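# A structural walkthrough
Chain by chain, the residues run as shown.
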Amino acid sequence: EEPSAPWWRQTLEVKGCQTGDEMIFTVCDEDFEMRGALLGRISLSAEQVKAGFIGELQLLETDRVLSRKGICVGKGNNVEAFLLVKVEGMDPTVEDTAWYGALATKYASGVPLAISNSVKVEIVEARGLRNADWVGKQQPYITCEIEGKPETRSTSTLGDHPKDPKWNFTSQVAGYQLGDALLLTVWDQDIGKPDDMLGKATLTAEQLKSGFVGSVQLEGAGRSIEAFLYVKVGAKDPSLWDRAEVAATGAAQDGGIEMWAANSIKMEIISARGLSNPTERPLEKVGIKTKTKPYVIVQVADKDGNMKGGQSRFVTPEADSLEKAEWKHQMHVAGCHPGDTLVFTVRDDNVGNYSTAQDAANALLGHVTLNADLVKSGYMGELQLEEAGYNVEAFLKVRVEGRDPSPADDAWMASACAAHEAGGEPALRNSCKVTIMNAHNLRDADFWGTSEPYCMVQVKGKGERWSRWKTPNATNWKDPKWNHEMRVACKPGDALEFIVKDDDKGKMDDILGKVTLPADKVKDGIVAELELQDTGKKEGEPKAVLLVSVEGAEFDIVDRTVVAVQETQVVIEEEVKHVCCDIR
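Within any chain, residue numbers begin from 1 and follow the written order of that chain's sequence. Side-chain atom pairs in this predicted model are given and counted only at pLDDT of 80 or more, local residue features only at pLDDT of at least 70, and totals for whole chains, interfaces and linings cover all residues. Side-chain figures throughout are based on the complete set of non-hydrogen atoms in the structure, without hydrogens or water.

### Points about a nonpolar patch on the surface
Quick note on the threshold: Two joining distances apply to patches: 9 Å for like charges and 5 Å for nonpolar side chains (Val, Leu, Ile, Met, Phe, Trp, Tyr), and every residue must have over 30% relative accessible area and no salt bridge. Under the convention used here, a 1.4 Å probe and the Shrake-Rupley method define accessible areas, while residue burial counts only the protein chains that appear. A pairing counts as a salt bridge when a side-chain nitrogen of Lys or Arg comes within 4 Å of a carboxyl oxygen of Asp or Glu. Burial status follows relative accessibility: with a 1.4 Å probe on protein chains alone, a residue under 20% of its type maximum counts as buried, one over 50% as exposed, and anything between as partly exposed.
Taken together, the side chains of W7, L84 and Y107 define a hydrophobic patch exposed on the protein surface, amounting to about 310 Å² of accessible area. Since its relative accessible area comes to 37%, L84 is described here as partly exposed.

What follows is the structure, given as structure tokens:
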């Protein structure tokens, strides 16, 4: 009888329902021709059908264009409509029956029932939006929807400011099920062309479950644009701790205390050392000397190593010097979620750095990935760059505030920052110290003269020339001594490959032997003679060996003690060889 709030109070027996089936409710207007105009539709999940359900369900598809005989008679824009239903469970458990009984009692006494398939969202404001309009005034608005369910979309009014709009827009977003995430997208309304996207953010399933009050940083907001959205989301299944945390955060925000954005990482790109640019700049090809201008790109990669592209791409200004590159540039990087890694790429600004195409054209000076564990705990120190150049040891110093640090992580971070301020030795977490000491019983690969052996080190499986490190040439072809220290960029799980070669002028260098040190030995550290393979020696000849020391990237006291003992044993063995065998 009442079009906007009808009551039916009708009991139906739905036949043919089997385990695993959903139940679909469709509300139509009988006054229209054919099957009737659609006023809304919603489904009850298979779990709810099995357990039983009492409550309101928010309808989807409530904004369809209504027409009679081809004539448009209205559009339900942002209509929030609800259907109250009672469904007796097909196969309820004892807990389901008790829950259903409690809800039935509340319903009978007139107590409002929760809306199980809807999320209450309040969009308060945004700040730092880019201006997407060259002419005229930008008109930002926001859409909210369950991720992967565009039919649940709800649209706000237009904001009151082009860059820092306020909406105070509240919406019930329908179609929610446990495990869903919420997608928030900011748009600029354009007349006569598609609306420009100004950024987006996702609230995770856990945040919807516990409730959320705070800021989220927008992804895809523009190159190096740091834009934020302040939102409040009603909890679907909060614990007591969740309620207390949301209340405290909301009080802090309302009191003017700036809180960190939930999906953002705060960091500082401090400096770099050892950079080398082997690429000739465009103007240098015509005899004009130019200045190398290194800059750093920061991107987020997911747990599978897939780069998130332009949606999470932030760039530092250019440094004044290649030899002593210094930025001290702070930034917030958006779109970083648990399990994500951070990728730092250093390039020389040859042709500009305003687009990804220009980045690709600029010379690569090195790159490095900060693993998910260090993103979580926080990091202050240096990272050795990969692909920094052949036999180049280059390092990038960064400070990354952890996403979820433990008290021990905070203590370590405080100590590392204090050491940095005092000018102390920085931490180095993705590099191991390798010393190539000597080799014995190599073959002479040259018909004329004698071999000039050197040893090359690279991470096993990485054949890029720009990620290799080598010793100088030795003059003793059979028992060369190098005692050469180097830093090799590596990470847990990497094995190191040692290749001994003869430096030949005018032709390809001969291989005198190679050996692989497995990942566990690289991590733990070792001092040992390694038997070389592929030496080109005849059967029965003395075996060729390589003496190396590898100091792992992450040591505790026990590992260092073991290495110290091994080093002492090697020194004794070397002295015995010198005395007894006259090997120098």
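### As for the sheet that holds strand β29 (residues 510–517)
To be explicit about the condition: At least two DSSP bridges between two strands are needed for those strands to be called paired. In this text, helices come from DSSP runs of H or I with a minimum length of four residues, and strands from runs of E with a minimum of two, each type numbered from the N-terminal end. For helices, the fitted axis covers only the stretch in contact; all axes are lines through C-alpha atoms, and the angles between them, taken along N-to-C directions, range from 0 to 180 degrees.
Spatial ordering of the open sheet is given by β26-β25-β28-β29, a layout of 4 strands whose pairing is antiparallel. Of all strands in the sheet, those bounded by a partner on one side alone are β26 (468–470) and β29. When strand polarity is set aside, the average angle formed by the axes of neighbouring strands in this sheet is 20°. In the sheet, strand β28 (residues 496–502) pairs with β29 via 7 bridges, with the strands oriented antiparallel. Within β29, the position partnered with E497 by the bridge is T516.

### Concerning the packing of aromatic side chains
Cut-off, in case you're wondering: Any pair of Phe, Tyr and Trp rings, taking the six-membered ring for Trp, is counted once the centres come within 6.5 Å. Such a pair is stacked with planes under 30 degrees apart, edge-to-face with planes over 60 apart, and tilted for the rest. Counted as over-ring charges are cases with an Arg CZ or a Lys NZ within 6 Å of the ring centre that also lie within 35 degrees of the ring normal.
Scanning all chains against the criterion turns up 1 aromatic pair. With a centroid separation of 6.0 Å and 20° between ring planes, the pair formed by Y379 and W412 is classed as stacked. Of this pair, Y379 sits in strand β21 (residues 379–384) while W412 sits in helix α7 (residues 407–421), placing them 33 residues apart in sequence. The class of Y379 is buried, set by a relative accessible area of 0%. Directly above the aromatic system of W412 lies the positively charged group of R429, at a separation of 4.7 Å from the ring centroid. The aromatic ring of Y454 is capped on one face by K470, whose charged end is 4.6 Å from the ring centroid.

### Remarks on helix α2 (residues 94–108)
The line we're drawing: Helices are assigned an expected span. That span is 1.5 Å times one less than the residue count. Note that the arc is defined by the directions from the helix axis to the C-beta atoms. The contact criterion used throughout is that any non-hydrogen atoms of two residues lie within 4.5 Å.
Its 15 residues place the ends of α2 21 Å apart at the C-alpha level, agreeing with the 21 Å of an ideal helix rising 1.5 Å per residue. If you check which residues of α2 are buried, you get D96, Y100 and L103. Along the long axis of α2, the arc covered by the buried residues comes to 65°, so they all point the same way. Along α2, exposed side chains directed more than 90 degrees from the buried face belong to V94, E95, A98, T105 and A108. Contact partners of the buried residues in α2: α1 (46–51), β3 (53–58) and β6 (82–87). One or two steps after α2, the chain reaches G110, where phi turns positive at roughly 85°.

### Looking at the layout of surface pockets
Empty space among the atoms becomes apparent when a probe as large as a water molecule is rolled across them. How we decide: In this analysis the probe radius is 1.4 Å and the grid spacing 1 Å, with only protein atoms considered; a cavity is a set of points the probe fits into but cannot get out of, a pocket is an open set with protein on both sides within 12 Å along at least five of seven lines, and lining residues have an atom within 4 Å of a point. Grid points are joined across faces, edges and corners, and a volume is the space filled by probe spheres set on the points. For this classification, Asp, Glu, Lys and Arg are treated as charged, while Ala, Val, Leu, Ile, Met, Phe, Trp, Tyr, Cys and Pro are nonpolar and the rest, including Gly, are polar.
Within this model, the largest pocket holds a volume of roughly 2000 Å³. Lining of the largest pocket is provided by 49 residues; of these, W8, R9, L83, L84 and V85 occupy positions nearest its centre. Listed by contribution, the elements that provide at least two residues to the lining of the largest pocket are β1 (23–29), β2 (37–44), β6 and α2. The element best represented in the lining of the largest pocket is β1, accounting for 7 residues. Of the residues that constitute the lining of the largest pocket, the class distribution is 31 nonpolar, 8 polar and 10 charged.

### Side note on α7
Between its terminal C-alpha atoms α7 stretches 21 Å, which fits the 21 Å expected from 15 residues at 1.5 Å a residue. Among the residues trailing α7, G423 stands out with phi positive, at a value near 80°.

### What to know about the pattern of salt bridges
Considering all chains together, one arrives at 18 salt bridges under this definition. Ionic pairing is found between K193 and D196, a salt bridge with its closest N-O pair at 3.3 Å. We classify K193 as partly exposed; its relative accessible area is 45%. Here E485 and K433 are joined by a salt bridge, their closest N and O atoms 3.7 Å apart. You can see E485 sitting in strand β27 (residues 481–489) and its partner K433 sitting in strand β24 (residues 431–440), a full 52 residues away along the chain.

### As for the sheet that holds strand β9 (residues 154–155)
Spatially, β9-β8-β11-β12 is the arrangement adopted by the 4 strands of the open sheet, whose pairing is antiparallel. Because the sheet does not close on itself, it has two edges, and the strands there are β9 and β12 (196–203).

### Description of the nonpolar core
So the rule is basically this: Think of a nonpolar core as a cluster: buried Ala, Val, Leu, Ile, Met, Phe, Trp, Tyr and Cys residues, connected wherever their side-chain atoms sit within 4.5 Å.
M267, I269, L342, F344 and L396 are the most contacted members of the largest nonpolar core, which has 34 residues in total. For this core, the elements supplying multiple residues, two or more each, are β15 (264–273), β16 (294–301), β18 (324–334), β19 (341–348), β20 (363–370), α6 (372–377), β21 and β22 (395–400). Of the residues forming this core, the biggest block, 5 residues, is contributed by β18. In contact with L396, other than residues within four places in its own chain, are I269, S271, A272, V296, W327, F344, V346, G381, E382, L383 and L385. A445, A474, L496 and A544 belong to the second-largest nonpolar core, a separate cluster that totals 31 residues.

### Remarks on the side chain of S377
Among the structural elements, S377 can be located in helix α6. Residues within four places of S377 in sequence aside, it is in contact with G402, P405 and D409.

### A few points about empty space enclosed by the protein
Inspection of every chain in the model, using the stated rule, returns 3 cavities of 30 Å³ or more. When its residues are assigned to classes, the lining of the second largest cavity shows 3 nonpolar, 3 polar and 3 charged.

### Concerning unusual backbone geometry
Despite not being glycine, N391 has its phi angle at roughly 60°, a positive value. By the secondary structure assignment, N391 is in the loop between β21 and β22. The partly exposed category is assigned to N391, whose relative accessible area is 34%. If you check the backbone angles, N441 has positive phi at about 65° while not being a glycine.

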